[in-house]
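Letter by letter, the chains look like this.
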Amino acid sequence: MLMPAATHQMPTEFAALAQSTDALFRRDGHVIRSRQPELASERLRSVYSQHHLRLLGTHERFDMHLKVARAGRLDLAYLRFGTEVELEQQPPGRFTLVTTQLRGHSEIRTGGERHGGGPGMVVLDSAGQAVTKRFSADSCRINLRIDQDALEAKCAELLGRDAGGSLAFHPTLAAGTPAQIRWLAWLQMLLGCLGGRDTNP
């Protein structure tokens, strides 16, 4: 069954986040685009993890845009497909991927859990954990890829001891929680800072 297109108006704070993202990636970033699902999947694998891409919408509307920018040791990307798709992702390598929904709707299944949401939904792909994702036709997201070694080193610095193994996170930040609110505020601040300087040092 196809996911329904969003019919509600985007909340103001998420609209501002989407506008900041649009402004940044209009100015900066390398664009990877394909209207062929097989080629799009191959290009997507070159940036993220191995996966199987299943087309649920129409082939005619498929138009993947992956816009990638770099900010120091952080990799930012804007991703949309133009039609409904499902990604069965194998566990990512030595990185954690944090995805923030800007428009549309997405659903994820991982570790026996199912989550879904619209603008403001935050998903965390922990290193070593497989996940299946379904995106609506109007879905677009901003991805932040964080090197696992850098993440674990920062965690050890804050704790004053080794993290004791690979870091694994709950797959989502629940809507309206302090963690989600802080993340969205931090992301807005990051985009605002990057909007005023070169993101490709």
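Below you will find a few notes about this structure. (Residues numbered from 1 in each chain as written. Predicted model: local features only at pLDDT ≥ 70, side-chain atom pairs only at ≥ 80, totals over all residues. Heavy atoms only, no water.)

1. Looking at the packing of aromatic side chains
Applying the stated rule across the entire model yields three aromatic pairs. Measuring from ring centre to ring centre gives 6.1 Å for phenylalanine 81 and phenylalanine 135, while their planes differ by 15°; the resulting arrangement is stacked. Of this pair, phenylalanine 81 sits in the loop between strand 4 (74-80) and strand 5 (85-89) while phenylalanine 135 sits in strand 10 (residues 131-135), placing them 54 residues apart in sequence. Across the pair, exposure class does not vary: phenylalanine 81 and phenylalanine 135 are buried alike. A cation sits over an aromatic face here: arginine 145 above phenylalanine 95, 3.9 Å from the ring centre. (Phe/Tyr/Trp six-rings, centres within 6.5 Å; stacked < 30°, edge-to-face > 60°. Helix = DSSP H or I, 4+ residues; strand = E, 2+ residues; numbered from the N terminus. Buried < 20%, exposed > 50% of the residue type's maximum accessible area, 1.4 Å probe, protein only. Lys NZ or Arg CZ within 6 Å of the ring centre and 35° of its normal.)

2. Topic: the side chain of threonine 21
Tracing the backbone through its elements, the reader meets threonine 21 in helix 1 (residues 12-27). On the basis of relative accessible area, threonine 21 is assigned to the buried category, the value being 0%. Engagement of the side chain of threonine 21 in a polar contact is seen with the backbone oxygen of leucine 17, the distance being 2.9 Å. (Polar contact = N/O pair within 3.5 Å; in protein donor to acceptor, adjacent residues only side chain to side chain.)

3. Some remarks on the sheet that holds strand 7 (residues 106-110)
A sheet is described by the order of its strands in space; here five strands give the open sequence 2-5-10-7-8, paired in antiparallel fashion. Both edges of this open sheet fall to strand 2 (51-55) and strand 8 (113-117), since each of them pairs with a single strand only. The mean angle between the axes of side-by-side strands here comes to 15°, regardless of whether they run parallel or antiparallel. With five bridges joining them, strand 7 and strand 8 adopt antiparallel strand pairing. Opposite threonine 110, over in strand 8, you have glutamate 113 as the bridge partner. The strands that helix 2 (residues 37-47) touches are strand 2 and strand 5; relative to strand 2, the one it contacts most, it runs at about 150°. (Pairing = 2+ DSSP bridges. Axes fitted to C-alpha atoms, helices over the stretch in contact; angles between N-to-C directions. Contact = heavy atoms within 4.5 Å.)

4. Some details on the pattern of salt bridges
Any two side chains of opposite charge can pair, so long as their charged atoms come close to each other. Overall, the coordinates contain 10 salt bridges when judged by the stated rule. Among the ionic pairs, arginine 94 bridges to glutamate 152, the shortest N-O distance being 3.2 Å. Residue arginine 94 is found in the loop between strand 5 and strand 6 (95-103), and its partner glutamate 152 is found in helix 3 (residues 148-159); the two are separated by 58 residues along the sequence. Salt-bridge contacts for aspartate 125 lead to lysine 133; the nearest nitrogen and oxygen are separated by 2.6 Å. As far as the burial class goes, aspartate 125 and lysine 133 line up, both buried. If you follow the salt bridges from partner to partner, you end up with Arg54, Glu86, Arg109 and Arg134 in one network. (Salt bridge = Lys/Arg side-chain N within 4 Å of Asp/Glu carboxyl O.)

The analysis is restricted to geometry; functional conclusions fall outside its scope.
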